[in-house]
Amino acid sequence: MTPARPGYLLLEDGRRFDGVLCGAPPETWERAGSRAGHAETRAIPGGLPEDPGRTAEVVFQTGMSGYQEVMTDPSYRSQIVVFTAPHIGNTGVNAADAEARVPFFAGAVVRSLSERPSNRRSEWSLPAWLRRHRIPCLSEVDTRAVTRHLREAGALRGILAPAVLPEAEALARARRFAGLAGRDLVREVAPPESEVRCPETSSDDPLDAVFPAAAPSSRSPRITLVDCGAKEGIAACLRRRGARVRRVVPTISAEWLLRDAPDAVWLSNGPGDPDTQPRLIETLRAILGRVPLFGICLGFQILALALGGRTRKMKHGHHGINHPVLELASGRVLVTSQNHGFEVVADSLRSVRLGGGTYRVRPTYRSLNDGTFEGFEIPELDVAAVQFHPEARGGPHDGRRLFDRAPGFGGDLHAS
Amino acid sequence: MPADRTLGTVLILGSGPIVIGQACEFDYSGTQACRALRRDGYRVVLVNSNPATIMTDPGVADRTYLEPITPAAVEAILVREQVDAVLPTLGGQTALNTAVALAESGALERHGVRLIGADLEAIRRAEDRDLFRETMARAGIPMPRSGFARSVAEAEALAGTVGYPVVLRPSFTLGGAGGGRAETPEALRGIVAEELRLSPSASVLVEEDLTGWKEIELEVMRDAKDNAVIVCGIENLDPMGVHTGDSITVAPIQTLTDRELQRLRDIALETLRAVGVATGGSNVQFAVNPDDGRIVVIEMNPRVSRSSALASKATGFPIAKIAARLAVGFTLDEIANDITRVTPACFEPSLDYVVVKIPRWTFEKFPHAEDTLGTRMKSVGEVMAIGRTFAEAFLKALASLEIDGLTERTVGHAPRHEGSDRTGGGAPPPGEDAVMDLVDLARPTWERPFQLLDALREGSAPEDLAAATGIDRWFLDRLGDVAAIEAEVAATLPDHLEAFRREEAAALLRRAKRAGLGDAHLAALIGRDEAAVRDLRRRLAVMPVFKAVDTCAAEFPAETPYFYSTYESEDEGEPLAGESVVVLGSGPNRIGQGIEFDYCCVAAAQEFRRRGRPVILINSNPETVSTDYDVSDRLYFEPLTREHVTNVLEKERPSGAVVQFGGQTPLKLAETMQEAGVPILGTSPAAIEEAENRERFRNLVVRLDLSQPRSLIAVEAGEVVRLASALGFPVLVRPSHVLGGRGMAIVQNNNELELLLKQGVEVSKESPVLLDAFLEDAVELDVDAVSDGTRVRVGAVLEHLEEAGVHSGDSCCMTPPYSVGADTVARIRDITANLARSLEVVGLLNVQFAVKGETIYILEANPRASRTVPFVCKATGLPLVHLAVGAMLGDAVEENDAEASARTGLICVKKPVLPFDRFPGEDTLLGPEMKSTGGVMGWGADFGEAFAKAETAAGTRLPDEGTVFLSVRDADKRAVVFLARRLRSLGFGLAATGGTARFLKLNGMDVEPVYKIGEGRPTAIDRIAEGKVQLVLNSPTGTRSQTDGREIRLAALSRGVPCVTTLAGMIAMVSGIEAHREGPPTVRALQDMLAGEAGTLPNGAPRSAVDASDSAGKPGGSTPARGAAVEETATAAPAARMRP
C-alpha cells in the first residue's frame, strides 16, 4: 500500500480541497521550480526538506482515458493536473505509452487512485510509478468541485500540501509561485544537447492504426523536429508515415537548419508561454520561406509569433481529448486532443510580409467550443500549424490525417 | 448542411410491444425523434401498435397510427399520408425489419418513398451476418473466425473447421433470440435446426467461441459529412458469453488504455463507413482478448438501440433526437449540445462519474426456465445508477433493483446455487470447498453480483474470482474495497455508537458512504435499523450532495438540471423554484410493472408543467421517456428507495408529491414522503391502503352492500387447507400485497393445494394468505376511472376475453364490452362511482369485476394508475392521467354517462405479449400469475378486424389456409363444433385427437385423426413439427391431457404456430382469421378518431402538454446561437407542403 496521509490542494484564492496524499511521500518532494523531469538521477538528501509543498499552476484535464499520456506530456511542466475522470491508475503505466521518458508534470489531483492496475500492457502500478518519479498525488478529492472552481476562476496557482502544513503558510507559498507567463519552461524539458535522439527507422505500433504503415524509402521525407518538449507521438506518427526524423534542441541555429536542408522543419509542442522563446522565434524568421515549416501546439504559437502574431493567456485553457475543431476547407469536424493555456489572437495574424512580398495567412481550423483560432497556413511559404495535437496520444485520431498533407510530405504519401 | 427540404412528411416506425430485447427504450427514442422533426418543421407520421407509449399520444406526432408494424399496414399508411421518407432507425429491430421488407417488396419505390437514416444496402450489410462479414473483410476490419451455414450439415462442417465450442446465431432477430452455444455436434444440430426456423433469412452463423473475452461497445454518431463521434464507450462487466442485454455494464470504459480505446474508436468509425451508415446513431460491439489484446468486431447495429438509450442517459447526449435530425440532413456541427447550449453536438461527452447498468430479471415467474445467463437475453428490464466511483454506482444500481430481500442479499449470505435449487438460503456451511464456490461462480446468474461480494467477504482473492468468472480483476478489486470497508464498519462502528468518538465515527461513516454503502446496508452491518443510520448520519453531518450530469465533466456550465447524489464536498444547484411537484417513477421494467406506468408518470409530468407546476422526477430506469432530461424540470437519476428519495425531498422541499402513477414502487414510498413532510397529492395513502388491504376492503364491500367472491384469510399453514375446504374448490390462493400476481394459483383440490404450499408460500400473520372462492367461467371486466372525490368519470369498461382466473395483465381485453349487457355495464359504472366516492379517490381508480350470471362481483379496487390506463386513453381519447392531475389540483371532474369509446364507433382490443419463446420448457398456459411483458392494441369496425390487428401486432402469424389442430375439453366440445364448421368453410383442414375427432366426425366433419403421445404415430406433435399444422386450438383439462396438452403447446411454440388455450380465445381467433383474409388492413389515424372528441379534451391536453414542455424554456425547446437560424428556416418550408 502507498503510504497515505491527509493532504490538501490550496488555490491562490484560498479555496481548499482536502484529500489523501499518495504517490511521492512529501519528504522526497523537491522544491518547486527545479528540473523535476530529470530528477530521477538526483538523490534527495534525507530528512524533511525545507519546503514540503509543491506549487504549480493548477489545470483540469477532461480526458476519460490517457492519464499516462498526460502525465508524461512535457507540456504539463509545472502544472498540477486535476483529472476529471474519477478513476485514475486502472491500467497502470507502461513504457510504450510514455510521451517522454520521465514525467514533467508537478502533481496529480484525482478522485480515486487505483492501487493495483489491471491491464495486460501494464508494467508498473501508477502509485509506484509516481513514487519513483517523486510526483505527489492527492486523491479522494471532489475533483468536480475543483474543476467548477477553475472553470470560473481560470487556471490558478496552487499548492499540494500535507495536512500538517499550516494553511496560511501554504497559501503564502502558492502565491509566491511565479506562474507560467513569462517563464521559460521549454528550457526545463527540452533535450539537454543538440543530438539526434531518435533512430531514423520506422517503428510500427499496432495499436496506432488499423492499417499498415508506409515503408520508408529513399523518397521518404527527412523531417527535423525542433523538440521543445515534444511528445513521442509526433515523431512516431511521422515515422509511421515513412519519414526519417531527426530531433534538435530549440536553441538550434538557423544556419544549422539551412545547412541540414531537411524536407521540413516541424515545431513540437511544449510547456508554457510562447513569448519566452525569442531565440527560436528569430531562428524561424531566418528560415521562413526557405524551409517548409509545420507547428504543433506551442509550435503553432511560436510560429504565429515569428510571423508577427500575438498570443495571450487563456482563462483555463484547453486540456482534454474531446475538443471539436472545424476544418474550414472541408467543413468537417475533427475531435481533437488539446493541451494549451495560451492562444494565438486570431486578428493578430492576417498577413505576413516577407522579403518585400505580402502573404495572406489563411485560417484552417477553428474551435467549435469557443471559437479559438486553431490552425493556419500560408501555402506560398509552405508554412502551416495547428493548435491541437494531430498525433493525439491520448485522444481520438481524427487529426492524424494532417500528417499526410503537412509540409514535408509534399503529396508523396497518400492518406493512410 | 441544412435540413433536406424536399421532404415534407416523414414516417417514423415504432417498435411495437415491449418484449424481451426490445423495451421502452424505443418509446424514448421515437418520442425524441417525433418531437425533434416536428420542431424542425416536418410533418411526422408515426406507426406503433403499442398504446402504452408516450409517442402514440395524439400530440407527439402529426398523424399517429396504432396499427400493426407490418409491411402491409405500413404501406397502406404510406399511401394514405403521402409520405416522402421513412425513418426506420429509431424503432429497434422491428422497424428495421419492416423497412427492409418494404424496400425489398418495391413498396417504397412504388410510392416514391425514400429510406432515411440508413439505406437498404447499409441495413443489409449490417444485419445479414454473411454480408457483414464480407464487408468487414473487405475493409480489413478484424472479425471472429467463423462461417455461415444454410443447413445443419453445412453448420456441422463449419464447426469442424472453427473448432468446438462454437456459437450459433441466426440473422435478423431481436436481442439475440435463438442464439446458442454448442460444445458437441449433437448440441449443434438441435440449435441450428431451431435457428434456421427463427431466422427470416434462414441463415446461421457458426462462430469461434469468444466466451471469456472482454466485451466492449461503442456508441457512434455519424453525419452526412462523415463527421463522427463516439458518444459513449460501455464496458461489460460480464465477459463474452453473456448477452449484452443480460450483462452488467459500466460507462465509461475502465480497464483499457487510451491506445486500446482509440484503436477501438478507429475500427468503430471504419465499420460505420464500410457498412455505409450515412447518418445517425449506431453501435459497434467488440470482443477483446484480455490475454493478447486481439480485437474483433462482433456486430454493429445501424440504428438506435437499447445501449444507445443507456448511453444517452449515461452521458446526457440525446442520441435519438440528434439521429433523427441527422437523418434529415443536419450535420453534427449545426446542432447545439442541449446540455451546455453553447457548444455543438459534434463532440465526445466526457464523464466525471461512473454509470452502472444492472439488468432486472423475473425468473420467479418462470420456474421451469433455465436461469443461467447466456447468449439469449432473458432480462425484462434494467436499472442504471450514477456514482462518482464504480463501487458507488454499482451499489446504487443494486439498491435500484427492487428485488425481495435485497438488503440481505447485498449484505451477504446470498443463497448459493446448487443445481436448480433456487430456494437455498443462509450462509454456506463452514468448510465448504472454496473451489466449489469458484465453479459455482463461473455460472453466470442474476445472483452472481451478490455471490461475488460474499466470496470476497469470505476471503476469496479477486484474481481467483477473475479467473473463474472472466470479470476484469479491476472491478473485483473495487468490490473487494467494499468488502473491506464493510468489515471495518461492522467491527468498529457499533463501538463508536456505544462510546462515541465523533470524528472517527464521522470519518468512517463518510468513507463508507463514499464507497456507496446504503443506509439499509450499513444498518444491517451494525445491527440497527435504517432510520438509526440516517439519524446517525444527520448527527455526524454525513449528508449527500447532488452533482449534475453535464456531458463535459464540468468544463462548461450546464443548463440542463439532471442530477445524481454522491458523497462529496460540493452540492450543485439550488432547489427548484416554484411550487414543485415530485413525480416518482416506477423503477425497472419487470413483469407486472412496465412501460404503462412510465407512460402515466410522463403524462402526469406534462400536465403539471402545463399548469405551471415545476416537476421533479426521480427514477432509475434508463429505458424510459421519464428519464429523458427534458420531460421534467429536474431529473434525479436515483434508486427509488427510502434513503435516496428522502435525500431528494430534503434538498428540494417540494410542495407536493404524487405516488399514484408509477405502480407499486412509489406507493411503497408514500410513507417516506409523509415522514419527510411532503404532502401527497390526490388520493390519500390511507385510502390506498384501505383498498389494497384485503380485509379492510372486504369491510368496505360489505358496507356498500356489494358482492365479492367468498374469501377467507389464513395466517398459518394448517389453516390454509381447512379454509380452502370450507370455501369449496376451485380456490384462488394468493398472498397479500402482491405485484403482478406473483405466487397466485388456482387449485382444484387438496393435493394441488398442498403441492403449492410446499413450494415455499409463506403463511404468517405478517403475510397472510388469502383464499378466494374461484368463479369458474365468469366474465372479467376492468374499469379505469378518474375522480375528484365526489364526481367520477369512467374512462372505459373493458371486457376480458379470457374468463376470470387469467391474470388481468395477461388477458386480452376490449372496449366497449361486447358480451356483457348494457344494464350490467351501467351497474358496473355505478359501483365504480360509488367506490370512488367511498374511498375518496382523487385521481385514478381501477376496479376489477367478475360477472357470473346476474351477479357482479368485485375482485379488487386499486386507487391508482393501472396497466390499462394508456390503452384506455388511446381507445377513448380521454386523457385520463391529465384529468387525474387536474383533479389533484382542484379541478372538478366532468361526469359522463356513456362509454367514450362507443362514440368512435370502433372496437379496441388490447392484447398481451408473452415471452415464452425466451423460456423454453415453460408451459404457455395462462393463469393467475402474470407473465406478459407488454401489449399491443388493435382497432376495427368489428371485433374480428380489431382482434386480427391485435394478434398481428403481437407477432402472431394468422393463418389464411392450412390445417387446424383441435383438442378441447369436454365442456368446450359443443361450442367448438361451430368453430370447426367456420374453419372448414374458410377452407381449413381439421386434425384432432381421439375424443375431439370422434365428436367432430359425429357432427359431420372431415377430420384427420392423429394420435395422443404414446398411442401411435403420427402424434399431434409430429404433425406440428412437420409444419403441417397452422393453428392449434387446445383447451386443457384433467391431469393426463394437461401433460399431453403441454407437449402440444410447447411444440406449437417452438414452431411459431399460434396456439389458443381458451374457448373465448378460439372464437376470437376464428373471427380474426376471417377478418384477416379480407385483405389489406384498413388503417386509421388516432387524430381522426379523436377529431369528433377534440372539444371534450381539456384544452386539448395531451397536445398542448407536449408543446408546453417543449417551450418551457428547457433546452431542447430551442436551440440557441448557431442553431437558431437553421431552426427558423426549418419551420417555414415544409409547412407549406403539409396536407390536411
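Residues numbered from 1 in each chain as written. Chains lettered and ligands numbered in written order. Predicted model: local features only at pLDDT ≥ 70, side-chain atom pairs only at ≥ 80, totals over all residues. Heavy atoms only, no water.

What chain A contains, in helices and strands, is 10 helices and 20 strands. The buried share of chain A, taken over its 416 residues, is 66%. Sequence-distant contacts in chain A: of pairs separated by 6 or more residues, those separated by 24 or more amount to 73%. Per element, the accessible surface of chain A, about 14300 Å² overall, is 49% carbon and sulfur. (Helix = DSSP H or I, 4+ residues; strand = E, 2+ residues; numbered from the N terminus. Buried < 20%, exposed > 50% of the residue type's maximum accessible area, 1.4 Å probe, protein only. Contact = heavy atoms within 4.5 Å. Areas by Shrake-Rupley, 256 points an atom, 1.4 Å probe, with all protein chains shown as cover.)

Counting its regular elements, chain B contains 40 helices and 38 strands. Scored against the burial criterion, the 1140 residues of chain B give a buried share of 68%. Counting only contacts in chain B whose residues sit at least 6 apart along the sequence, the fraction spanning at least 24 positions is 72%. Total accessible area on chain B stands at roughly 35900 Å², and carbon and sulfur atoms take up 51% of it.

This brings us to helix α3 (residues 143-153) of chain A. Extensive coverage of α3(A) is indicated by the burial of 8 of its 11 residues. Of the residues trailing α3(A), A:Gly154 is marked for its positive phi of about 85 degrees.

Our focus in this paragraph is the packing of helix α5 (residues 120-127) of chain B against helix α6 (residues 129-139) of chain B. Residues and elements named next belong to chain B. The geometry of α5 relative to α6 is characterised by a closest axis approach of 5 Å and an angle of 95 degrees between their N-to-C directions. It follows from the interaxial angle that α5 and α6 lie roughly perpendicular. Between α5 and α6, the contacting residues are Arg 124, Arg 125, Ala 126 and Glu 127 on the first element and Arg 129, Leu 131, Phe 132 and Thr 135 on the second. Broken down by class, the residue content of the contact of α5 with α6 amounts to 3 nonpolar, 1 polar and 4 charged. (Axes fitted to C-alpha atoms, helices over the stretch in contact; angles between N-to-C directions. Parallel < 35°, antiparallel > 145°, perpendicular 65-115°, else oblique. Nonpolar A, V, L, I, M, F, W, Y, C, P; charged D, E, K, R; others polar.)

On to the pairing of strand β7 (residues 166-170) of chain B. All names here are of chain B. Summarising burial for β7: 5 of the 5 residues are buried, a large majority. Going residue by residue along β7, you find Val 166, Leu 168 and Pro 170 tucked away on one face and Val 167 and Arg 169 tucked away on the opposite face as well. Across 3 bridges, the pairing between β7 and strand β8 (residues 180-182) is antiparallel. Bridged to Leu 168 within β8 is Gly 180. (Pairing = 2+ DSSP bridges.)

Quick look at the nonpolar core now. All names here are of chain B. In terms of nonpolar packing, the biggest core is built from 108 residues, with Met 221, Phe 608 and Phe 661 touching the most fellow members. Among the elements that make up this core, the one with the highest residue count is helix α21 (residues 595-610) (9 residues). Met 221 has contacts with Asn 227, Ala 228, Val 229, Val 231, Gly 280, Gly 281, Phe 317, Ile 319, Ile 322, Ala 323, Leu 326 and Leu 332, leaving out every residue within four places of it along the chain. Listed in part, the 53 residues of the second largest apolar core include Ala 385, Ala 455, Ala 483 and Ala 512. (Core = buried A, V, L, I, M, F, W, Y, C linked by side-chain atoms within 4.5 Å.)

Attention shifts here to the pattern of salt bridges. Residues and elements named next belong to chain B. Applying the stated criterion across every chain, the model contains 111 salt bridges over all chains. Here Arg 114 and Asp 4 are joined by a salt bridge, their closest N and O atoms 3.1 Å apart. With Arg 114 in strand β5 (residues 114-115) and Asp 4 in the segment before β1 (9-13), the pair connects residues that are 110 residues apart, well separated along the chain. Residue class for Arg 114 comes out partly exposed when judged on its relative accessible area of 38%. (Salt bridge = Lys/Arg side-chain N within 4 Å of Asp/Glu carboxyl O.)

As a further point, take unusual backbone geometry. At the junction of B:Phe729 and B:Pro730, the peptide bond is cis and its omega measures out at -5 degrees in the coordinates. If you trace the backbone, B:Pro730 turns up in the loop between α27 (717-727) and β24 (731-735). The residue after B:Thr815, namely B:Pro816, is reached through a cis peptide bond having omega -5 degrees. Locating B:Pro816 in the fold gives a position in the loop between β29 (813-815) and α29 (822-838). The phi torsion at A:Arg393 lies on the positive side, around 55 degrees, for a residue other than glycine. In this fold, A:Arg393 is placed in the loop between β20 (383-386) and α10 (402-405). Notably, B:Ala541 is not glycine yet its phi reads approximately 60 degrees, a positive angle. By secondary structure assignment, the location of B:Ala541 is in the loop between α20 (530-539) and β17 (545-548). On the basis of relative accessibility, which here comes to 49%, the residue B:Ala541 falls in the partly exposed class.

This next bit is on the interface of chain B and chain A. Facing the 66 residues of chain B at the interface are 60 residues of chain A. The interface formed by chain B and chain A holds 15 salt bridges in total. Two residues, A:Arg116 and B:Glu463, come together in a salt bridge whose shortest N-O distance is 2.8 Å. Linking chain B with chain A are 36 residue pairs in polar contact (both at pLDDT 80 or more), by the criterion used here. Counting residues per element, the side of chain B that touches chain A draws most heavily on helix α9 (residues 258-275) of chain B, which supplies 12 residues. Here the residues of the side of chain B that touches chain A are counted per class, giving 26 nonpolar, 11 polar and 29 charged. (Polar contact = N/O pair within 3.5 Å; in protein donor to acceptor, adjacent residues only side chain to side chain.)

Glancing now at the side chain of B:Thr566. All names here are of chain B. Along the chain, the position of Thr 566 falls in strand β18 (residues 562-566). Residue Thr 566 is classed as buried on the basis of its relative accessible area, which comes to 1%. Within polar-contact distance, the side chain of Thr 566 engages the side chain of Glu 392 at 2.9 Å.

Residue and element names in this part refer to chain B. Pairing is antiparallel in the open sheet, where 4 strands are placed in the order β6-β9-β7-β8. If you trace the sheet from one side to the other, it starts and ends with β6 (146-149) and β8, each paired once. Within this sheet the neighbouring strands show an average axis-to-axis angle of 25 degrees, counted without direction.

This part is about the sheet that holds strand β14 (residues 311-327) of chain A. Paired through their backbone hydrogen bonds, the strands of a sheet run either parallel or antiparallel. Residues and elements named next belong to chain A. Spatially, β11-β10-β12-β13-β20-β19-β18-β14-β15 is the arrangement adopted by the 9 strands of the open sheet, whose pairing is mixed. Strands at the two margins of the open sheet, each flanked by one partner only, are β11 (244-248) and β15 (332-344). Neighbouring strand axes in the sheet, compared pairwise and without regard to direction, differ in orientation by 25 degrees on average. Relative to the sheet, helix α8 (residues 278-287) contacts β10 (222-226), β12 (264-267) and β13 (293-296), its axis offset from that of β12 by approximately 155 degrees.

All names here are of chain B. Counting buried residues in helix α32 (residues 943-953) gives 10 out of 11 residues, a clear majority hidden from the surface. Taken residue by residue, α32 has Phe 943, Gly 944, Glu 945, Ala 946, Phe 947, Ala 948, Lys 949, Ala 950, Glu 951 and Ala 953 as its buried positions. The N-capping residue of α32, defined by a side-chain oxygen 3.2 Å from the backbone nitrogen of Gly 944, is Asp 942. Downstream of α32 by one or two residues, Gly 955 has phi in the positive range, about 100 degrees.

What follows is about the confidence of the model for chain A. Residue and element names in this part refer to chain A. Averaged over every residue, the pLDDT of chain A is 86; the share at 70 or more is 84%. In this model, residues 30-51 is a region of pLDDT below 50 whose contacts with residues beyond four sequence positions or in other chains number 41 contacts. Long-range and interchain partners of residues 411-416, a stretch whose pLDDT sits below 50, account for 10 contacts in this model, where long-range means more than four residues apart. (pLDDT = per-residue confidence, 0-100.)

This next bit is on the state of the cysteines. Under the defined criterion, the tally for this structure stands at 0 disulfides over all chains. The structure places no disulfide on B:Cys813, whose sulfur is separated from the nearest cysteine sulfur, that of B:Cys812, by 6.7 Å. (Disulfide = S-S within 2.5 Å.)

Right, let's talk about the packing of aromatic side chains for a bit. Residue and element names in this part refer to chain B. Across all of its chains, the model carries 21 aromatic pairs over all chains by this definition. Here the aromatic rings of Phe 317 and Phe 347 are separated by 6.1 Å at their centres, their planes lie at 35 degrees, and the arrangement is tilted. Of this pair, Phe 317 sits in the loop between α10 (306-315) and α11 (319-327) while Phe 347 sits in the loop between α11 and β15 (354-360), and the two are 30 residues apart along the sequence. Overall, Phe 317 belongs to the buried group, its relative accessible area being 2%. (Phe/Tyr/Trp six-rings, centres within 6.5 Å; stacked < 30°, edge-to-face > 60°.)

All names here are of chain B. When pLDDT is averaged along chain B, the result is 87; 90% of the residues meet or exceed 70. Considering only residues more than four positions removed or in separate chains, one finds that residues 414-431, a stretch of pLDDT under 50, has 33 contacts. Counting interchain partners and residues more than four positions distant, the pLDDT-below-50 stretch residues 1093-1140 has 93 contacts.

Bringing the environment of B:Leu681 into the picture now. Checked against the element boundaries, B:Leu681 lands in the loop between α24 (670-675) and α25 (685-692). Apart from residues lying up to four places away in sequence, B:Leu681 is in contact with B:Val581, B:Phe608, B:Gly656, B:Ala657, B:Val658 and B:Met888.

Here we take up the pairing of strand β9 (residues 156-162) of chain A. It is a general feature of regular strands that their side chains alternate between the two faces of the sheet. Residue and element names in this part refer to chain A. With 6 of its 7 residues buried, β9 lies for the most part within the structure. Where strand β1 (residues 5-11) lies against β9, 5 bridges are found, and the strand directions are antiparallel. Bridged to Leu 10 within β9 is Ile 159. Relative to β9, strand β3 (residues 54-61) is paired through 5 bridges, and the arrangement is antiparallel. The partner of Ala 56 across the bridge, within β9, is Gly 158.

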